[in-house]
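Chain by chain, the residues:
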Amino acid sequence: MTEKPSPTEPFWRTTSLEEMSKEQWESLCDGCGRCCLIKLEDEDSGEILATNVGCRLFDAGSCRCKDYPNRSSIVPDCITLTPEAVRTLRWLPPTCAYRLVATGRDLPWWHPLVSGDPHTVVEAGVSVKGRVSGSEDEVSEDDLPERIVTWPLRWPRAAKKRNASE
């Protein structure tokens, strides 16, 4: 009896963030949109607080940036993720694939690279789809404290399940 060769491990298990190709790096993004929500920092405690308000370039319908290639020049405080940034940014959501891979964890069942379906991010409750109250161009900076929400910085219950029927 001959043994079957083991299937090839997915790149995120075998390739460091620094060694990933541009295509591999970009494919790690699950398109949830959580990092595109406006965050506030408590001046006293340093705590990062998320709002349900999207960046001016965030398209809440598609959960994508309206001008991804030029985002940093249009929105100067837009952070371009790098391996170093992923390891130091405190505001990345716990569900972020970059953060998971950087800490040696595997991608969850709902990640499109695992499921083969970009809709599983929505099914798992990870996506901001339907949860964004407006754009930073539509909401006054003074009103942002009223838009603070905790869900972007938490792991949704549905995302912890192995599949939607569990």
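What counts and what doesn't
Residues numbered from 1 in each chain as written. Predicted model: local features only at pLDDT ≥ 70, side-chain atom pairs only at ≥ 80, totals over all residues. Heavy atoms only, no water. Phe/Tyr/Trp six-rings, centres within 6.5 Å; stacked < 30°, edge-to-face > 60°. Buried < 20%, exposed > 50% of the residue type's maximum accessible area, 1.4 Å probe, protein only. Lys NZ or Arg CZ within 6 Å of the ring centre and 35° of its normal. Helix = DSSP H or I, 4+ residues; strand = E, 2+ residues; numbered from the N terminus. Contact = heavy atoms within 4.5 Å. Pairing = 2+ DSSP bridges. Salt bridge = Lys/Arg side-chain N within 4 Å of Asp/Glu carboxyl O.

(A) Just the packing of aromatic side chains, in detail. Inspection of the entire model under this criterion finds three aromatic pairs. Between Phe11 and Trp12, the ring centres sit 5.4 Å apart and the planes meet at 85°, which makes this aromatic pair edge-to-face. We note that Phe11, like Trp12, is buried. If you follow Arg71 out to its NZ or CZ, it ends over the ring of Tyr68, 3.8 Å from the centre. Against the face of Trp151 rests Arg131, its NZ or CZ located 3.9 Å from the ring centre.

(B) Representation of the environment of Ile38. Among the structural elements, Ile38 can be located in strand 1 (residues 37-41). Between the alpha carbons of Ile38 and Asn52 there is a distance of 7.3 Å; along the sequence they are 14 residues apart. Leaving out residues up to four positions away in the same chain, Ile38 has contacts with Leu49, Ala50, Thr51, Val53, Gly54, Cys55, Glu136 and Leu144.

(C) Here's a closer look at the pairing of strand 1. Note: strand 1 against strand 2 (residues 48-54), four bridges, orientation antiparallel. Each bridged residue has a counterpart across the sheet, and for Leu37 the counterpart in strand 2 is Gly54. In this structure, the hairpin formed by strand 1 and strand 2 is closed by a connection of six residues, where Gly46 is found at a positive phi of approximately 80°.

(D) The pattern of salt bridges, seen in detail. Taken as a whole, this structure holds six salt bridges when the rule is applied. Arg90 is paired through a salt bridge with Glu41; the nearest N and O atoms lie 3.6 Å apart. Of the two residues, Arg90 is situated in the loop between helix 4 (83-88) and helix 5 (97-102) and Glu41 in strand 1; the sequence distance between them amounts to 49 residues. Like Arg90, the residue Glu41 is exposed in the burial classification. The network of salt bridges with common partners includes Glu9, Arg13 and Asp106.

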